[in-house]
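# Overview (structure and organization)
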Amino acid sequence: MVAVEPERAAFEPTLPGRYFHDPDIYAREQERIFGRMWVCVGRADAIPTEGEFMLIDLGGESVIVARGHDGAVRAFLNVCRHRGARLCTDAHGQAGRVFQCRYHAWSYGLDGRLVGTPNLARDDRLDRDAYGLLPVRLEVWEGLVWLNLDPDAAPLSAQLDPPIRTRFGGPETIARYRIGDLVVGRSIQYEIAANWKLVVDNFMECYHCGPVHPELVRLLPAFRQGTSYQGIVGEGTSFASDVDAFTLSGQGSRPRLPGLGPDDDRLYYGFVLWPNVFVNLLPDHVILHTLRPLGPERSHVVCDWLFDRADAGRAEFDPTDTVDIFDLVNRQDWEVCELTQLGMHSRAYDRGGLYVTNETHIAAFRDLVLSRLGEADSTRP
Ligand code: FES
Ligand SMILES: [Fe+2]
């Protein structure tokens, strides 16, 4: 076998195959990427009522995300401070006024304070203030809940602003879509037999769009050339001249989102908020993918189709036409991600592959992974 050395000036190397299946590398990613970066874990409107909670697995921890009596959403490690029992076991539920531990019935308010310690009520040697649930950093951006297990992490904006500025020059473009005001019209979950980084790489590349997504390139002909994003700040991708809506037929009559103007018509923007959110902006809806690693070779994606509240509230509202196109694109993408995963164990991919010209933004993701793992130069020849 002849090892092909990519020409560095034009072709950047990908990560070697072991980065996509090695359990040790996966464990380090859990600790250093998912345990230290801000990670999107879902939508705040998934727990709309006081006392409602959802459980999140993040960086090897179980985390409770709960809405308090004041309406605020907070996050705590799902561990009782007495003897360490897991507090909540339901993926989603209603806690009422307190979280009560199954073991010795200590109870915690929705703000995490220790409020009940049976038979120790008069024992003032127990400093209850010191035994509240351990909080996890939480911020909400455009309706999305982001967590960070690192108590010393910089605010979420320090992580989200740079990619938004790189793509749009400033936050205005994305702000006018008012994503946080939109509501979910349809949500589909997918499980993919591929490492999470293959799913990210695949979303950021459009070299595959022609062969894999014939229906998509029919709507967005620029994608046929294989470059969805050429580094032009603020540039969207135009619909084909005879296409009026992002649907399988290219036709549709959904109203434009309230914050947009005629200049936004017939344009698509796609970009990634590392490590785990894909954003797709369209004139009449927004599609968000939230990615979650399930293991070295398994990933989970929630795809939400978001619409204006008034549009989605109409009796005749039906998102099927636009869901169909991106559900198809999703399934086409997962298929090639799974085919690629199969090759990651082969000696043919021992030293990795290469990104084609114009894919420096994907190489930047590779570099982020390497620098977070503390291996910035390990794949260099
Ligand atoms: S372990 Fe939770 S109350 Fe004892
Ligand atoms: Fe794709």
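Residues numbered from 1 in each chain as written. Chains lettered and ligands numbered in written order. Predicted model: local features only at pLDDT ≥ 70, side-chain atom pairs only at ≥ 80, totals over all residues. Heavy atoms only, no water.

## A short note on helix α2 (residues 156–168)
- Between its first and last C-alpha, α2 extends 18 Å over 13 residues, near the 18 Å set by a 1.5 Å rise per residue.
- Inspection of α2 places Leu 156, Gln 159, Leu 160, Ile 164, Arg 167 and Phe 168 among the buried residues, and these make up the whole buried set. Along the long axis of α2, the arc covered by the buried residues comes to 125°, so they all point the same way.
- Lining the buried residues of α2 we find β10 (135–141), β11 (144–148), α3 (172–175), β14 (267–273) and β15 (277–281).
- One or two steps after α2, the chain reaches Gly 169, where phi turns positive at roughly 85°. (Helix = DSSP H or I, 4+ residues; strand = E, 2+ residues; numbered from the N terminus. Expected span 1.5 Å × (residues − 1). Buried < 20%, exposed > 50% of the residue type's maximum accessible area, 1.4 Å probe, protein only. Arc of directions from axis to C-beta. Contact = heavy atoms within 4.5 Å.)

## Quick word on the packing of helix α4 (residues 196–204) against helix α9 (residues 360–372)
- Running from N to C, α4 and α9 cross one another at 155°; their axes reach a closest spacing of 9 Å. By the angle between their directions, the pair α4 and α9 is classed as roughly antiparallel. Crossing hand, α4 versus α9: right-handed. Packed against α4, whose contacting residues are Trp 196, Lys 197, Val 200, Asp 201 and Met 204, the element α9 presents His 361, Ile 362, Phe 365 and Val 369 at the interface.
- When the residues that make up the contact of α4 with α9 are grouped by side-chain class, the tally is six nonpolar, one polar and two charged. (Axes fitted to C-alpha atoms, helices over the stretch in contact; angles between N-to-C directions. Parallel < 35°, antiparallel > 145°, perpendicular 65-115°, else oblique. Left-handed = near helix turned anticlockwise from the far one by under 90°. Nonpolar A, V, L, I, M, F, W, Y, C, P; charged D, E, K, R; others polar.)

## Structural notes on α4
- Among the nine residues that make up α4, nine are buried, leaving the element largely enclosed by the rest of the structure.
- All of the buried residues along α4 are Trp 196, Lys 197, Leu 198, Val 199, Val 200, Asp 201, Asn 202, Phe 203 and Met 204.
- Near the N-terminus of α4, the side chain that reaches the backbone nitrogen of Lys 197, with its oxygen 2.8 Å away, is that of Asn 195. (Polar contact = N/O pair within 3.5 Å; in protein donor to acceptor, adjacent residues only side chain to side chain.)

## Brief notes about the coordination of the iron ion (ligand 2)
- The coordination sphere of the iron ion (ligand 2) contains the protein donors His 208 (NE2), His 213 (NE2), Asp 333 (OD) and Asp 333 (OD), at a distance range of 1.9 to 2.7 Å.
- In this structure, the iron ion (ligand 2) is surrounded by four donor atoms whose angles at the metal cover 53 to 146°, and the resulting shape is irregular.
- Counting the intervening residues between successive donors of the iron ion (ligand 2) yields the motif H-x4-H-x119-D. Taken as a pair, His 208 in the loop between α4 and α5 (209–212) and Asp 333 in helix α8 (residues 320–343) lie far apart in primary sequence, 125 residues in all. (Donors = N, O, S within 2.8 Å, 3.2 Å for Na, K, Ca; no water. Tetrahedral: all angles 85-135°; square planar, octahedral: opposite > 155°, others 65-115°.)

## Here's the deal with the domain arrangement of the chain
- Partitioning the chain into domains gives domain 1 (39–152) and domain 2 (159–372).
- Using only C-alpha atoms to locate each centre, domain 1 and domain 2 end up separated by 33 Å.
- Each side of the interface is counted separately: domain 1 has eight residues, and domain 2 has 18 residues.
- On the domain 1 side of the contact with domain 2, Arg 43, Trp 141 and Glu 142 bury the most area, a combined 51% of that side's loss.
- Inspection of the region where domain 1 meets domain 2 yields zero salt bridges.
- The interface formed by domain 1 and domain 2 contains four residue pairs in polar contact (both at pLDDT 80 or more).
- Mapped onto the side of domain 1 that touches domain 2, the elements with two or more residues apiece are β2 (39–43) and β11.
- Top element by residues in the side of domain 1 that touches domain 2 is β2. It accounts for three residues.
- Looking at the side of domain 1 that touches domain 2 residue by residue, the class counts come to five nonpolar, one polar and two charged. (Domains from an automatic or database assignment. Buried area = accessible area lost by both parts, 1.4 Å probe. Salt bridge = Lys/Arg side-chain N within 4 Å of Asp/Glu carboxyl O.)

## Some words on the layout of surface pockets
- Taken as a whole, the largest pocket spans an internal volume of roughly 800 Å³.
- Forming the boundary of the largest pocket are 37 residues, of which Val 41, Leu 55, Ile 56, Arg 292 and Val 302 lie nearest the centre.
- For the lining of the largest pocket, the elements supplying multiple residues, two or more each, are α1 (23–32), β2, β3 (52–58), β4 (61–67), β12 (183–192), β16 (286–295) and β17 (298–307).
- Residue-level mapping places the lining of the largest pocket at the junction of two domains, with at least three residues from each of domain 1 (39–152) and domain 2 (159–372).
- Empty space within the second largest pocket amounts to approximately 630 Å³.
- Lining the second largest pocket are 33 residues; nearest its centre among them are Met 204, Gly 270, Phe 271, Val 272 and His 361.
- Breaking the lining of the second largest pocket down by element, the ones donating at least two residues are α2, α4, β14, α8 and α9.
- Residue composition of the lining of the second largest pocket, grouped by class: 20 nonpolar, nine polar and four charged. (1 Å grid on protein atoms, 1.4 Å probe; cavity = no way out; pocket = protein on both sides within 12 Å on 5 of 7 lines; lining within 4 Å. Points joined across faces, edges and corners; volume = space filled by probe spheres on them.)

## A look at the pattern of salt bridges
- For the structure on display, the rule yields 18 salt bridges.
- For Glu 29, the salt bridge identified is with Lys 197, shortest N-O distance 2.6 Å. Highlighted residues: Glu 29 in helix α1 and Lys 197 in helix α4, separated in sequence by 168 residues. Both residues of the pair, Glu 29 and Lys 197, belong to the buried class.

## What to know about the nonpolar core
- Residues Val 63, Val 65, Leu 147, Phe 246 and Trp 305 are the most contacted members of the largest nonpolar core, which totals 70 residues.
- Of the residues that make up this core, three or more belong to each of domain 1 (39–152) and domain 2 (159–372).
- Counting residues in hydrophobic clusters, the runner-up holds 26 residues, among them Cys 40, Leu 144, Tyr 177 and Leu 267. (Core = buried A, V, L, I, M, F, W, Y, C linked by side-chain atoms within 4.5 Å.)

## A few points about the sheet that holds strand β7 (residues 98–100)
- Strand order in the open sheet made by the three strands is β7-β8-β9, with antiparallel pairing throughout. Strand pairing shows two members of the sheet lacking a second neighbour, β7 and β9 (114–116), which therefore form its edges. Strand-to-strand twist of the sheet, defined as the mean angle between neighbouring strand axes without regard to direction, takes the value 35°.
- Bridge count for β7 against strand β8 (residues 107–109) is three bridges, and the pairing is antiparallel. Pairing of Val 98 across the sheet is with Gly 109, part of β8. (Pairing = 2+ DSSP bridges.)

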